[in-house]
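# Structural overview
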Amino acid sequence: MKLDDAKVRTYLTSKLGGACGSCGAKNWTYDTAVYELREFHGGNMVIGGSGILPLLTITCTNCGTIRMINPIAAGLLSTSGEAT
Ligand SMILES: [Zn+2]
């Protein structure tokens with residue numbers, strides 16, 4: 001799913017920014033797609049009944065370092081999965 005581009009941009013402008021912790025560059029790009037981070041189960045793929053974190057990613061365009069943001073905590077996604 002995709003988040004609202006204008007809201008993501010507003011969030012990133014107001015809450016984040018600054019230099020990349022890896023290389024010091026201040027050039028970031030983002031993707032409005034929401035990705036998932038699944039709970040580890042010893043290498044087995046478990047569907048359902050397991051924790052999943054939604055992730056918004058921003059990437060340093062200089063070195064490729066990725067920052068991960070929880071879009072629910074950021075107010076960009078409801079707990080039912082709707083873009084806010
Ligand atoms: Zn960097």
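Here, the structure is the one placed above.
Structure report, in brief. (Residues numbered from 1 in each chain as written. Predicted model: local features only at pLDDT ≥ 70, side-chain atom pairs only at ≥ 80, totals over all residues. Heavy atoms only, no water.)

What follows concerns the overall build of the protein. In terms of helices and strands, the protein carries one helix and three strands. Reading the protein from its N end, one meets helices and strands in the order α-β-β-β. For the protein, the C-alpha atoms occupy an extent of roughly 40 × 30 × 15 Å along the three principal directions. Across the 84 residues that make up the protein, the buried fraction comes to 25%. In the protein, the proportion of contacts linking residues at least 24 apart, taken out of those at least 6 apart, comes to 51%. Accessible surface, the protein: about 5,400 Å² in total, of which carbon and sulfur atoms supply 53%. Looking at charge distribution, the protein has the averaged site of its 7 positive side-chain charges lying 10 Å from that of its 6 negative ones. (Helix = DSSP H or I, 4+ residues; strand = E, 2+ residues; numbered from the N terminus. Buried < 20%, exposed > 50% of the residue type's maximum accessible area, 1.4 Å probe, protein only. Contact = heavy atoms within 4.5 Å. Areas by Shrake-Rupley, 256 points an atom, 1.4 Å probe, with all protein chains shown as cover. Lys, Arg positive; Asp, Glu negative; His and termini not counted. Charge placed at Lys NZ, Arg CZ, Asp CG, Glu CD.)

Before going further, it helps to spend a moment on the nonpolar core. One finds Leu3, Val8, Tyr11, Leu12, Val34, Leu56, Ile58, Ile69, Ala74, Leu76 and Leu77 forming the largest nonpolar core, which totals eleven residues. Elements with a contribution of two residues or more to this core: helix H1 (5-15) and strand E2 (52-60). The greatest single-element share of this core, amounting to three residues, is contributed by H1. Apart from the residues lying within four places of it in its own chain, the contact partners of leucine 76 are Leu3, Lys7, Val8, Tyr11, Leu56, Pro71, Glu82, Ala83 and Thr84. (Core = buried A, V, L, I, M, F, W, Y, C linked by side-chain atoms within 4.5 Å.)

Each protein donor to the zinc ion is listed here as Cys20 (SG), Cys23 (SG), Cys60 (SG) and Cys63 (SG); together their distances run 2.3 to 2.4 Å. Coordination at the zinc ion is tetrahedral: its four donor atoms span angles of 102 to 114 degrees at the metal. Of note, the zinc ion draws all its donor residues from one chain, in the sequence arrangement C-x2-C-x36-C-x2-C. Taken together, the residues cysteine 20 in the loop between H1 and strand E1 (28-38) and cysteine 60 in strand E2 connect sequence positions 40 residues apart. There is no split in this pair, since cysteine 20 and cysteine 60 are both buried. (Donors = N, O, S within 2.8 Å, 3.2 Å for Na, K, Ca; no water. Tetrahedral: all angles 85-135°; square planar, octahedral: opposite > 155°, others 65-115°.)

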